[in-house]
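Structural features, examined
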Amino acid sequence: MSTYHPLTVQDAISLVRGIPGHFTPDAQLECKEIGDGNLNLVFHITDRNSDKSIIVKQALPYAKVVGESWPLSLDRARIEREALQVQYRLCPGLAPQVFSYDDDLAITVMEDLSDHTIMRKGLIEGQAYPLFARHIGEFTARTLFYTSDLFLNPQEKKEQVRKFINPDLCKITEDLIFDDPYRFSDNNNYPDYLEDEAKELRENGKLHLEVALLREAFLTRTEALVHGDLHTGSIFVTPESTKVIDPEFAYYGPMGFDLGAIIGNLLLNYASRPGWDAAESEVLGNQERLLRMVSDVWSEFEIRFRKLWDEDARDPLAKAPGYQDAYVAKVLRDACGFAGCKMIRRIVGLSHVADIDTIADVKLREKAQRTALAIGKQLVLFNRTIQSGEDIVRLVKEAEPLKGAVK
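Cut-offs and rules
- Residues numbered from 1 in each chain as written.
- Predicted model: local features only at pLDDT ≥ 70, side-chain atom pairs only at ≥ 80, totals over all residues.
- Heavy atoms only, no water.
- Helix = DSSP H or I, 4+ residues; strand = E, 2+ residues; numbered from the N terminus.
- Rg over C-alpha atoms; globule rule 2.2 N^0.38 Å.
- Contact = heavy atoms within 4.5 Å.
- Areas by Shrake-Rupley, 256 points an atom, 1.4 Å probe, with all protein chains shown as cover.
- Pairing = 2+ DSSP bridges.
- Axes fitted to C-alpha atoms, helices over the stretch in contact; angles between N-to-C directions.
- Salt bridge = Lys/Arg side-chain N within 4 Å of Asp/Glu carboxyl O.
- Buried < 20%, exposed > 50% of the residue type's maximum accessible area, 1.4 Å probe, protein only.
- Parallel < 35°, antiparallel > 145°, perpendicular 65-115°, else oblique.
- Left-handed = near helix turned anticlockwise from the far one by under 90°.
- Nonpolar A, V, L, I, M, F, W, Y, C, P; charged D, E, K, R; others polar.
- UniProt positions renumbered as here; feature names shortened; annotations may be inferred.
- 1 Å grid on protein atoms, 1.4 Å probe; cavity = no way out; pocket = protein on both sides within 12 Å on 5 of 7 lines; lining within 4 Å.
- Core = buried A, V, L, I, M, F, W, Y, C linked by side-chain atoms within 4.5 Å.

A closer look at the overall build of the protein chain
Summing up its helical and strand segments, the protein chain has 14 helices and twelve strands in all. Scaling as 2.2 N^0.38, a compact globule of 407 residues should have a C-alpha radius of gyration of about 22 Å, and the protein chain matches this with 21 Å. Along the longest, intermediate and shortest principal axes, the C-alpha atoms of the protein chain span 65 × 55 × 40 Å. Looking at the protein chain alone, contacts between residues at least 24 apart form 72% of all its contacts between residues at least 6 apart. For the protein chain, the accessible surface area stands at approximately 17500 Å², while carbon and sulfur atoms represent 52% of it.

Section: the sheet that holds strand β7 (residues 107–110)
The strand order β1-β2-β3-β7-β6 describes an open sheet built from five strands, whose pairing is antiparallel. Only two strands of the sheet have a single neighbouring strand rather than two, namely β1 (29–33) and β6 (98–102). Taken over all neighbouring pairs, the strand axes of this sheet differ in orientation by 20° on average, direction set aside. As paired elements, β1 and strand β2 (residues 40–47) share five bridges and run antiparallel to each other. Residue pairing across strands places L29 opposite D47, the latter belonging to β2. Contacts between helix α1 (residues 9–17) and the sheet are confined to β1, β2, β3 (53–59) and β7, with β1 contributing the most and set at about 130° to the helix. Set on the sheet, helix α2 (residues 75–90) makes contact with β2, β3, β6 and β7; between it and β6 the angle comes to about 160°.

Things to note about the pattern of salt bridges
Evaluation of the coordinates by the stated rule reveals 39 salt bridges. Between D246 and K57 there is a salt bridge; the shortest N-O distance is 2.7 Å. Placement of the pair is D246 in the loop between β11 (242–244) and β12 (251–253) and K57 in strand β3, with a sequence separation of 189 residues. Classification of D246 by relative accessible area gives partly exposed; the value is 25%. In this structure, the salt-bridge partner of D355 is R120, at a minimum N-O distance of 2.8 Å. Placement of the pair is D355 in helix α12 (residues 354–357) and R120 in helix α3 (residues 119–124), with a sequence separation of 235 residues. Look at R120 and you get buried, because its relative accessible area is 10%. Taken together, the shared-partner salt bridges in this structure form one network comprising D75, R78, R81, E82, D103 and K163.

Overview of the packing of helix α10 (residues 280–312) against helix α14 (residues 389–398)
Where α10 meets α14, the closest approach of the two axes is 8 Å, and the angle between their N-to-C directions is 150°. Relative to α14, the element α10 lies roughly antiparallel. Crossing geometry of α10 relative to α14 is assigned as right-handed. Residues E288, L291, V294, S295 and W298 of α10 pack against G389, E390, I392, V393, V396 and K397 of α14. Its residues assigned to classes, the contact of α10 with α14 shows six nonpolar, two polar and three charged.

Description of the UniProt feature "binding site: ATP" (unreviewed entry) in the protein chain
The sites that UniProt annotates as "binding site: ATP" (unreviewed entry) are N40, K57, E111, D112, L113, D246, P247 and E248. The annotated residues that sit in the lining of the largest cavity are N40 and K57. On the basis of relative accessibility, which here comes to 7%, the residue K57 falls in the buried class. The contacts of K57, once residues within four sequence positions are left out, are N40, L41, V42, E80, A106, I107, T108, M110, D246 and E248. If you trace the backbone, E111 turns up in the loop between β7 and β8 (117–118). Those residues within four positions of E111 in sequence are excluded, and the remaining contacts are I55, A95, P96, Q97, F99 and K243.

Some points on the nonpolar core
Judged by nonpolar contacts, the single largest core of 94 residues is most densely connected at F132, L267, F305 and L379. Ranked by the residues each element gives to this core, the list is headed by helix α11 (residues 323–348), at 13 residues. The contacts of F132, once residues within four sequence positions are left out, are M119, I235, V237, T242, I262, M293 and V297. Listed in part, the 18 residues of the second largest apolar core include I19, L29, L41 and V109.

Structure (C-alpha cells):
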C-alpha cells in the first residue's frame, strides 16, 4: 500500500511514465506545478518530443488556501475521481478523461485541457461562448437525470448516495454559503465600505428565512449526484467546446444547486462589466449577452431534462399527470435561490471571484460588489415565486443596489 506524501515534480514525472500507452519510453518529460486553487496540488506534464501532455492532481490533507489548521479528508480525491468517471461516461465530450489514479496517494491523472481557457478568464475578457448554454444544458441534464431516482432503482441510488457522502467538502459549502455571510464570522472578508451591506445581511429576517429553506434543501435532498462547485473557474472552454472539471465537492444533493452555481457566476460577471468594458454600449451589450446566456442555460437544461424523462424514466410514477411539471418547477426555484446565495457569498465571504476583485478602479469595484449583492438578495428573496428562466432575468433587471451604492 502506498504511503501518502505530497508529490514533488520528479514524483509526478515518474508516476506518469508508468501509465500504459501514453508517453513513449524515450519521452523527454517536463513538469511544472500549476495549482492555483484552494485545496490541491496540480502538475502539468509535457513531452518535448511530441504534443502529448497530461495533468496530475493530488489532494492535500488540508485546505491549501488556509494551511494545516484546516484539515480535510483525502477521500475527497476518490470522490472527485469517481464523479469525473461518472460524468465522462454520461457526457464524454463535456468532461476530461481519467487515465489513472491512486486513492492511497489521493492522485488522479487526467486529460490535459491546456488548449482550452478557464471560462472565468474568458468572460472577464469579454469573450462570447455561443455553444456554452447548449453544452452545459446537456451536461447538467444528463448527469443529474441519470444519477437520480427517476432513472436508478431505489437500491442502486442509495448505494450511490453512500459512495458519495462528502462531509468535509459539504461542511465548507454549508458554512461559507449558508451561514457565514449572515452572521459575524472570522471567515468573512469584505472591505470596510461594505459594512452597511454586511450589516443588512445579518439583520434581514426575510432573507434569513429563504436562506434557511435553501440550506435545508442542501442538507437533506439527495436528488442526484451534483458537481457541487460548478462555477466558471471549474469550466474550461473554447468557442466550440466545454469541459467541466474539479468535481471534488460532488455529493448527492438538490439538482438546482449546480444550475444555480452556473447562473450565479454568470451574473457575477454581469455585475462586473462596468469595471472591464470601456464604453457604456459595450457594457450594455455584454450584459445583455450574459442575461441571454442565463436564460438559455435554463431552457437548454429544461428541454433536455424533459426529453430524458419522457424517454428513459424508470420511476413507476414518472408518468403521473403534473409530476414532471412540478419537479422541473422545483428545480428552477432552487436554482434561482442557490444562484443568489452563491453571489452573496462571493462578495462578503472567504473566497471571492476575479471578475470583481481584480477590477482596478476602486469605485467601479464597489459598484460591482453592490450590484452583485443586490442581485443575489433579489434572487434569494423571490426564488419561490418564479416560473420561468425569464423570471430570473426580470429579477436581475429589477435589482437595485442599496442607497449607499457608488454612482
